[in-house]
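Below, each chain spelled out in residue letters.
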Protein chains: 2
Amino acid sequence: MLTDMYQITMCYGYWMAKRHQTPAVFDMFFRKSPFNGEFTVFGGLSQVLAFLHTYRISDTQLTYLKTLMPAADPEFFEWLAQIDCSKVKVYGFKEGSIVFPREPLLRVEGPIGICQLLETTLLCIVNYASLVATNAARMRVAVGPEKTLLEMGLRRAQGPDGGLSASRYAHIGGFDATSNVLAGQLFGIKVSGTHAHAFVQSFSGLDDLPTRNIKTADGSVTVDFVSLVLKYRLEMQREKTNIGELSAFIAYCQAFPTAFLALVDTYDTLESGVPNFLACSLALIEVGYFPLGIRLDSGDLAMLSIQAREMLKATEAKYNSSMPNVVGLAAATIVASNDIDEESLYQLNAAGHQIDSFGIGTHLVTCQAQPALGCVYKLVEMNSAPRIKLSQDLVKISVPCKKRLFRLYLPCGAPAGDIMMSEQEVASNGPPLPGNPVVLRHPMDAAVRWTMTPSAVRDVLQCVWDGKIVGQPESIAEARKRCVSEMGLLKPEHLRRENPVPYKVSLSDELFESMHKLWLAEAPQ
Amino acid sequence: MLTDMYQITMCYGYWMAKRHQTPAVFDMFFRKSPFNGEFTVFGGLSQVLAFLHTYRISDTQLTYLKTLMPAADPEFFEWLAQIDCSKVKVYGFKEGSIVFPREPLLRVEGPIGICQLLETTLLCIVNYASLVATNAARMRVAVGPEKTLLEMGLRRAQGPDGGLSASRYAHIGGFDATSNVLAGQLFGIKVSGTHAHAFVQSFSGLDDLPTRNIKTADGSVTVDFVSLVLKYRLEMQREKTNIGELSAFIAYCQAFPTAFLALVDTYDTLESGVPNFLACSLALIEVGYFPLGIRLDSGDLAMLSIQAREMLKATEAKYNSSMPNVVGLAAATIVASNDIDEESLYQLNAAGHQIDSFGIGTHLVTCQAQPALGCVYKLVEMNSAPRIKLSQDLVKISVPCKKRLFRLYLPCGAPAGDIMMSEQEVASNGPPLPGNPVVLRHPMDAAVRWTMTPSAVRDVLQCVWDGKIVGQPESIAEARKRCVSEMGLLKPEHLRRENPVPYKVSLSDELFESMHKLWLAEAPQ
């Protein structure tokens with residue numbers, strides 16, 4: 001029922017024309033990779049399979065549909081009442097695969113009436129999943145493999161479920177952790193988070209602390225932690241820092257002595273937040289713990305991270321001789337958040353930031369730079385005859401017929417291009433073979449052709465649904481691993497932000513010819 | 001559990017500091033209206049109330065939380081196990097209200113530990129709801145009150161729930177109908193939809209039709225509809241139109257003789273789609289029905305709508321004398337879709353389009369121009385003392401203390417501005433009164449002040465939750481009505497797309513002074 005009305009009305013149209021059982025093939029594909037990029041991470045397969053598995057129209061839903069189509073033949077609803085996906089077959093990429101424009105991500109085969117009903121939900125799942133996974137993967141490219149990426153977009157997502165999808169697919173695309181507790185529970189993603197400004201603001205002074213004490217790390221003694229912190233604050237000549245903030249940090253140390261990560265920008269990052277963090281950190285170290293680091297959430301993140309790092313280094317250097325355990329303070333984690341997007345990651349790189357970990361929310365989950373992928377679901381074959389959709393916009397013309405898709409590899413292991421062939425051609429002539437030259441045609445431009453001899457060939461569209469789920473369900477971790485591995489194999493010129501080189505998705509000679517013949521036949525003369 | 005981890009860790013921090021029960025006040029507000037505009041439609045209240053009503057932490061969730069915080073005191077989890085919102089009070093705007101930057105949309109009061117836990121979910125609900133309602137309202141401003149706006153964004157939303165929220169809040173913001181069947185069922189929004197390209201593509205020719213017949217509208221006779229259609233096609237000298245498309249239109253007429261709305265761009269809009277629509281329409285009219293119209297989904301929508309309208313008019317004119325019932329064909333509905341956004345609505349206006357109804361998907365639900373509202377939730381009072389959050393970014397400084405908010409009206413009924421006052425000031429001096437001059441201060445700039453004498457005053461933040469829902473739940477229709485009515489009252493200069501005039505949200509003299517005193521006190525010296 002989570003579908004567009006026109007799927008139901010079309011379905012009735014097929015039913016009335018006695019064509020609802022006619023075998024059809026739909027391709028799901030997109031026309032352009034998002035974010036002005038040249039690659040896309042495919043996401044959503046496991047949700048698609050779960051949807052197909054449970055697809056039914058309930059009696060309540062039927063009752064409602066009847067009110068929307070009062071003039072329809074009652075037998076149509078009887079037919080609707082008993083449909084499911086047992087006669088549907090789906091071939092697709094595996095989740096986390098790198099995919100490209102025009103090629104089918106999913107090939108859905110079955111009675112046209114049923115395949116049509118699935119369209120909207122399949123698009124809804126795959127579009128956003130792939131978009132956010134791609135966005136995450138692009139951010140991973142921007143920061144490199146060593147930095148930590150934390151997804152924290154729940155509050156800016158399209159409602160609760162949007163937030164949960166964002167956490168899931170950002171992880172597949174290469175994020176390390178999420179702030180979303182439910183995503184942690186459901187998907188096993190590492191959950192991370194410390195405190196917000198409200199926690200700092202809620203403390204006005206040391207009187208707000210119910211105890212001045214902390215237990216030492218070995219549990220042997222209880223010491224006056226407040227006095228210790230104040231001693232270091234005095235030694236650093238930082239008595240003018242905000243006392244409410246200092247009290248909040250002390251309270252946080254008392255609650256999480258092994259996980260002290262302080263948000264330092266509530267009042268003034270360099271004049272109050274970082275000095276207060278350092279005073280607490282030295283005190284923590286003295287009693288046997290070690291602080292995690294700081295979080296910056298406003299201002300010039302590159303500059304603040306550089307200056308904060310200098311303060312960390314200077315403090316370690318100053319106490320190095322008197323306090324051996326201070327070693328490592330200079331390398332404490334600096335987390336940065338505040339409206340970070342892909343663009344600002346590159347700007348931070350250029351500015352020589354000292355950030356270890358990025359918390360990214362709004363721009364990750366909303367994909368501001370391109371908030372929709374634009375996957376479509378087009379009929380490519382009906383009753384074994386290829387079908388095409390024409391358009392004045394060339395890019396909107398679909399590649400007809402039931403297709404196979406092969407990825408062709410270079411000797412170095414990098415994919416060189418993908419080729420689409422009709423199922424029939426593969427049946428007659430076999431798939432492309434390693435060591436044999438293959439002619440590749442541009443789908444639109446007859447003048448553009450290219451021959452390559454692949455070192456390896458992969459048949460990428462595998463059967464994932466045949467009336468029921470085929471094979472074992474994959475974990476999110478497996479999909480993430482595939483994404484990271486395929487990204488690693490792809491040539492860097494496809495991944496780069498500026499002027500990326502398009503990856504070639506071609507047609508076989510035969511498919512090119514049959515497509516253009518059909519095009520001419522269907523256009524008005 | 002749909003929350004950020006730091007809410008839980010902070011909560012533990014409060015609990016350890018024995019402050020989790022301390023009374024606190026949080027304001028939810030945004031800093032800038034979206035889409036470079038100067039107004040925002042508040043959405044999400046009924047979902048917020050439903051969330052508060054059911055808020056509990058289950059045993060399964062507690063078990064998971066314990067794994068995330070293994071070192072935490074077990075008594076903390078015992079406390080978490082029994083919390084609910086019975087000690088929380090919420091004051092807020094009603095759903096569909098027009099709201100402005102910096103002013104509280106919701107004021108949440110209660111034990112800080114609990115109020116803190118609510119933050120992420122409240123933001124998640126209100127942010128997207130208000131954003132999409134505002135986006136919808138801006139599109140309504142663009143097309144005027146007479147045109148029909150259809151939401152069809154399900155396939156491009158952030159997953160299923162994102163799509164459902166979009167349908168709901170687009171309707172509140174002024175959309176007329178949705179393509180989303182489930183939204184129709186759940187929210188009573190009018191559902192609308194016809195067919196897609198696949199339906200047209202699925203037909204190759206007249207042989208695909210199981211019957212040539214149709215029953216006349218009065219049910220008296222069965223006639224050969226195909227021959228009738230072909231007769232008109234011949235009369236119009238349009239024998240070269242795509243025959244598969246014509247067959248699909250005939251099948252659709254047979255299924256929906258009273259609701260024939262044809263998607264005309266599968267092969268060629270003006271050379272095939274519109275002529276095929278006209279041939280079917282004349283045949284339908286001859287047998288006693290009347291067509292609804294056409295849908296354009298690609299190309300230059302303004303030009304195509306103008307030319308299609310000319311063809312409709314010419315056909316009505318040609319058949320006017322011989323077929324009296326053809327009257328009205330010239331005014332058949334022209335629906336347009338294809339990546340429409342607010343900008344393109346204004347471009348279509350400028351191009352003198354002939355569109356009656358706009359189908360808007362991607363740009364409505366994703367809010368491409370600004371995909372997140374940026375609502376925040378800030379502590380403004382703790383244990384009856386005002387709290388402030390400072391920042392190097394002036395716009396990020398919050399207005400402290402538990403506040404009241406009054407909307408001041410001009411004699412014409414238009415709101416002139418909103419004023420925030422502390423609860424305490426209102427208790428001592430009373431609210432602003434009609435006919436009495438009020439001094440209004442800019443929140444940041446001491447030099448900007450203004451006096452006005454309101455004709456009417458409205459106390460806008462009403463108690464909506466006091467341990468339980470206060471008053472009767474509102475329907476979506478009521479919220480939509482409020483939105484339309486408040487938009488109508490607002491001065492047009494706040495609504496316009498180009499250089500809209502900011503609506504003034506001010507502080508009382510007393511609140512201004514106390515805010516700036518606190519600011520000085522909290523900044524590092």
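Criteria and thresholds
Residues numbered from 1 in each chain as written. Chains lettered and ligands numbered in written order. Predicted model: local features only at pLDDT ≥ 70, side-chain atom pairs only at ≥ 80, totals over all residues. Helix = DSSP H or I, 4+ residues; strand = E, 2+ residues; numbered from the N terminus. Buried ≥ 20, exposed ≤ 12 C-beta atoms within 10 Å, placed from the backbone. Contact = placed C-beta atoms within 7 Å. Arc of directions from axis to C-beta. Pairing = 2+ DSSP bridges. Core = buried A, V, L, I, M, F, W, Y, C linked by C-beta atoms within 7 Å. Least-squares fit on C-alpha atoms with pLDDT ≥ 70 in both. pLDDT = per-residue confidence, 0-100. Axes fitted to C-alpha atoms, helices over the stretch in contact; angles between N-to-C directions. Left-handed = near helix turned anticlockwise from the far one by under 90°. Expected span 1.5 Å × (residues − 1). Domains from an automatic or database assignment. Nonpolar A, V, L, I, M, F, W, Y, C, P; charged D, E, K, R; others polar. Parallel < 35°, antiparallel > 145°, perpendicular 65-115°, else oblique.

## Considering the overall build of chain A
Along its length, chain A carries 18 helices and 23 strands. Reported as C-alpha extents along the three principal axes, the dimensions of chain A are approximately 85 × 55 × 40 Å. Counting all 525 residues of chain A, 56% fall into the buried class. Restricting the contact set of chain A to residue pairs at least 6 apart, pairs at least 24 apart contribute 72%.

## Remarks on helix 9 (residues 225–235) of chain B
All names here are of chain B. Buried within helix 9 are the following residues: Phe225, Leu228, Val229, Tyr232 and Arg233. All buried residues of helix 9 project into a common sector of 135° when viewed along the axis, lining one side. The outward face of helix 9, more than 90 degrees from its buried face, is lined by the exposed residues Ser227, Leu234 and Glu235. At its buried positions, helix 9 is contacted by strand 9 (213–215), strand 10 (222–224), helix 10 (243–255) and helix 11 (269–286). Taken from the residues just after helix 9, Gln237 is the one with a positive phi, measuring 55°.

## What to know about the pairing of strand 15 (residues 376–382) of chain A
All names here are of chain A. The buried fraction of strand 15 amounts to seven of the seven residues, a majority that puts the element mostly inside the structure. Here six bridges tie strand 1 (residues 23–29) to strand 15, and the two strands are oriented antiparallel to one another. What sits directly across from Ala24, in strand 15, is Met382. Here two bridges tie strand 15 to strand 16 (residues 385–386), and the two strands are oriented antiparallel to one another. From the neighbouring strand, Met382 faces strand 16, where its bridge partner is Ala385. From the end of strand 15 to the start of strand 16, which pair antiparallel, there are two residues, and Asn383 there has a positive phi angle of about 50°.

## Focus: the sheet that holds strand 11 (residues 261–263) of chain A
Residues and elements named next belong to chain A. Spatially, the seven strands line up as an open sheet ordered 8-7-6-14-13-12-11, and their pairing is parallel. The open sheet has two edge strands with one neighbour each: strand 8 (190–191) and strand 11. Relative to strand 7 (residues 177–178), strand 6 (residues 148–151) runs parallel, the two being bridged by two bridges. What sits directly across from Glu151, in strand 7, is Thr178.

## Some remarks on the nonpolar core
Here is a general trend for soluble globular proteins: nonpolar side chains tend to be buried in one another's company. Of all hydrophobic cores here, the largest spans 336 residues; its most connected members are A:Met28, A:Val132, A:Cys280, A:Ile294, B:Met28, B:Val132 and B:Cys280. Not counting residues within four places of it along the chain, the set of residues in contact with B:Cys280 comprises B:Val229, B:Phe249, B:Ile250, B:Cys253 and B:Phe260.

## Here we look at the relation of the copies chain A and chain B
For the pair chain A and chain B, the superposition axis carries a translation of 0.0 Å, the fit reaches an RMSD of 0.0 Å, and the rotation angle comes to 180°. The relationship between the two copies is best expressed as a two-fold rotation axis.

## Digging into the pairing of strand 1 (residues 23–29) of chain B
Residues and elements named next belong to chain B. In terms of residue burial, strand 1 counts as a mostly covered element, since six of its seven residues are buried. Strand direction decides the pairing type here: strand 1 and strand 5 (residues 106–111), joined by six bridges, are antiparallel. Among the inter-strand pairings, Met28 is bridged to a residue of strand 5, identified as Leu106.

## A few points about unusual backbone geometry
Most peptide bonds take the trans configuration, and most residues that are not glycine carry a negative phi. All names here are of chain A. One non-glycine residue with positive phi stands out, namely Arg102, at about 75°. Following the sequence through the fold, Arg102 ends up in the loop between strand 4 (98–99) and strand 5 (106–111). Of note in the backbone geometry, Asp339 takes a positive phi value of approximately 60° without being a glycine. Examined against the element boundaries, Asp339 turns out to sit in the loop between strand 13 (333–336) and helix 13 (342–350). For Asp339, a count of 15 C-beta atoms within 10 Å translates into the label partly exposed.

## What to know about the sheet that holds strand 3 (residues 89–92) of chain A
Residue and element names in this part refer to chain A. Taken in spatial order, the six strands line up as 16-15-1-5-3-22 in an open sheet, and their pairing is antiparallel. Each having just a single partner strand, strand 16 and strand 22 (462–466) make up the two edges of the open sheet. Relative to strand 22, strand 3 is paired through four bridges, and the arrangement is antiparallel. The residue bridging Tyr91 from the neighbouring strand is Cys463, located in strand 22.

## Topic: the environment of A:Met139
Residue and element names in this part refer to chain A. With respect to the helices and strands, the residue Met139 is situated in helix 5 (residues 112–143). Separated by ten residues in sequence, Met139 and Leu149 have C-alpha atoms that sit 8.4 Å apart. Excluding its chain neighbours within four sequence positions, the residues that come into contact with Met139 are Leu149, Glu342, Leu345, Ile360 and Leu364.

## Thoughts on the confidence of the model for chain A
With 99% of its residues at a pLDDT of at least 70, chain A reaches an overall mean of 94. Complex prediction metrics read pTM 0.90 and ipTM 0.87.

## Structural notes on the packing of helix 10 (residues 243–255) of chain A against helix 11 (residues 269–286) of chain A
Residues and elements named next belong to chain A. Between helix 10 and helix 11, the shortest axis-to-axis distance is 10 Å and the interhelical angle comes to 35°. Relative to helix 11, helix 10 is oriented so that their crossing is right-handed. Residues Glu245, Leu246, Phe249, Ile250 and Cys253 of helix 10 pack against Ser272, Gly273, Asn276, Phe277, Cys280 and Leu284 of helix 11.

## Observations regarding helix 10 of chain A
Compared with an ideal rise of 1.5 Å per residue, which puts 13 residues at 18 Å, helix 10 of chain A spans 18 Å between its outermost C-alpha atoms and is within 8% of the ideal. Within helix 10 of chain A, 13 of the 13 residues are buried, which leaves it mostly tucked inside the rest of the structure.

## Brief notes about the domain arrangement of chain A
Residue and element names in this part refer to chain A. Here the domain parsing of chain A yields domain 1 (5–139 + 370–522) and domain 2 (140–366). Taking only C-alpha atoms, the centre of domain 1 and the centre of domain 2 are 44 Å apart. Between domain 1 and domain 2, the residue contacts involve 22 residues of the former and 24 residues of the latter. A per-class count over the side of domain 1 that touches domain 2 returns 14 nonpolar, four polar and four charged.

## A word on the packing of helix 3 (residues 59–68) of chain B against helix 4 (residues 74–81) of chain B
Residues and elements named next belong to chain B. Orientation of helix 3 relative to helix 4, taken along the N-to-C sense of each, is 150°, at an axis distance of 11 Å. Classed by the angle they form, the pair helix 3 and helix 4 counts as roughly antiparallel. Between helix 3 and helix 4 the crossing geometry is right-handed. On helix 4, the residues touching Leu62, Leu65 and Lys66 of helix 3 are Phe77, Leu80 and Ala81. Taken together, the residues that form the contact of helix 3 with helix 4 break down as five nonpolar, no polar and one charged.

## Brief notes about the environment of B:Leu490
Residues and elements named next belong to chain B. Examined against the element boundaries, Leu490 turns out to sit in the loop between helix 16 (476–489) and helix 17 (492–495). In this structure Leu490 comes out as partly exposed when scored by C-beta crowding, with 15 C-beta atoms within 10 Å. In this structure the C-alpha to C-alpha distance between Leu490 and Asn436, which are 54 residues apart in sequence, comes to 22 Å. Leave out the neighbours within four places in its chain, and Leu490 touches Phe39, Ile98, Ala414, Pro415 and Leu495.

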